[in-house]
Amino acid sequence: MKLLIVEDEKRLAEAVAQILKRNKFDVDICMNGEDGLDNAMTGVYDVILLDILLPGMDGLSVLKELRAADIHTPIILLTALGEVSDRVRGLDLGADDYLPKPFKTEELIARIKAVTRRRGEFRTDGMLAFEDIELNPLAFTLRCGEKSYALTQKESHLLEYLLENTNIRLSSNAIIEKVWGYDSDAEDGNVQAYITFLRKKLAGLGSKVRIDNLRGVGYMLMAEEA
């Protein structure tokens, strides 16, 4: 899971980043609002930790710009204890949660998991589960019952993205930006090829989960009706 921390207190940002990295998160740091906005606009992050009080562009302005640009990445605002009005305004602007400083590591990680949880379940052991399948995104393995397959790194990243958004139909462009990178030369054909690879492995496992495609709209994980 890839996170962006936008926080101008360098010691705090680096300490939080180290904690998250030890918990298997991939973390980038920006020290001001303008850089945070530029990075967040790429759409490659799973969660953004956004401080309200930032030099240059403040956190609420960053939040407003992101939501206006249809960037729906979950955002947790980092706030001082007394900033009640800013928290309310932030939630009205589209923030998913807020966390008053100082905060405990356990609460931060719990909040991150809460805002990323869709119908796919992010478990404490790092596994992602949906219906009858389990993905280990660190070992690149997919399991259904007693059967399992080894995945390529790209297959694993693609399935992880689908699992984290099981109630959302993902366009080819969104998948390319997330799995291949926003500056990649990958095209729709690359997405279709890897979707085909995953479909074959789901079928080989006997899973009831399938990858549905609505032409011109995008892909979504769903379960076959009984």
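Structural notes, computed from the coordinates. Throughout this description, residue numbers start from 1 for each chain and increase along the sequence as written. Per-residue local features of the predicted model are confined to residues with pLDDT of at least 70, and side-chain atom pairs are confined, for both listing and counting, to 80 or more; whole-chain, interface and lining totals are unaffected and use all residues. Just so you know, side-chain values use all the structure's heavy atoms and leave hydrogens and water out.

Take the overall build of the protein chain next. Helix and strand content of the protein chain: 8 helices and 12 strands. Computation of the radius of gyration draws on C-alpha atoms, with the globule rule given as 2.2 Å multiplied by the number of residues to the power 0.38. Relative to its length of 226 residues, the protein chain is compact, with a C-alpha radius of gyration of 18 Å against a globular reference of 17 Å. Using a 1.4 Å probe on the protein chains alone, a residue whose accessible area is under 20% of its type maximum counts as buried, one over 50% counts as exposed, and one in between counts as partly exposed. Out of the 226 residues belonging to the protein chain, those deemed buried represent 46%. Taking the contacts inside the protein chain whose residues are at least 6 apart along the sequence as the reference set, 56% of them involve residues at least 24 apart. Every helix listed is a DSSP run of H or I at least four residues long, and every strand listed is a run of E at least two residues long, numbered separately from the N terminus. Between two residues, a contact is recorded if the distance between any of their heavy atoms is within 4.5 Å.

Aromatic pairing here means that ring centres of Phe, Tyr or Trp (its six-membered ring) are within 6.5 Å. Orientation follows from the plane angle: under 30 degrees is stacked, over 60 is edge-to-face, and everything else is tilted. Summed over all chains, the structure comprises 2 aromatic pairs. Relative to Tyr194, the ring of Trp180 lies with its centre 5.6 Å away and its plane at 75°, an arrangement referred to as edge-to-face. Taken together, the positions of Trp180 in helix α7 (residues 172-180) and Tyr194 in helix α8 (residues 188-205) put the pair 14 residues apart, joining distant regions of the chain. Overall, Tyr194 belongs to the partly exposed group, its relative accessible area being 22%. Both rings, one in Tyr194 and one in Phe197, keep their centres 5.2 Å apart while their planes meet at 75°; by these two values the pair is edge-to-face. Taken as a pair, Tyr194 and Phe197 lie in helix α8 at a separation of 3 residues, close to a single helical turn. By the ring-pair criterion, three or more aromatic residues cluster together here, those being Trp180, Tyr194 and Phe197.

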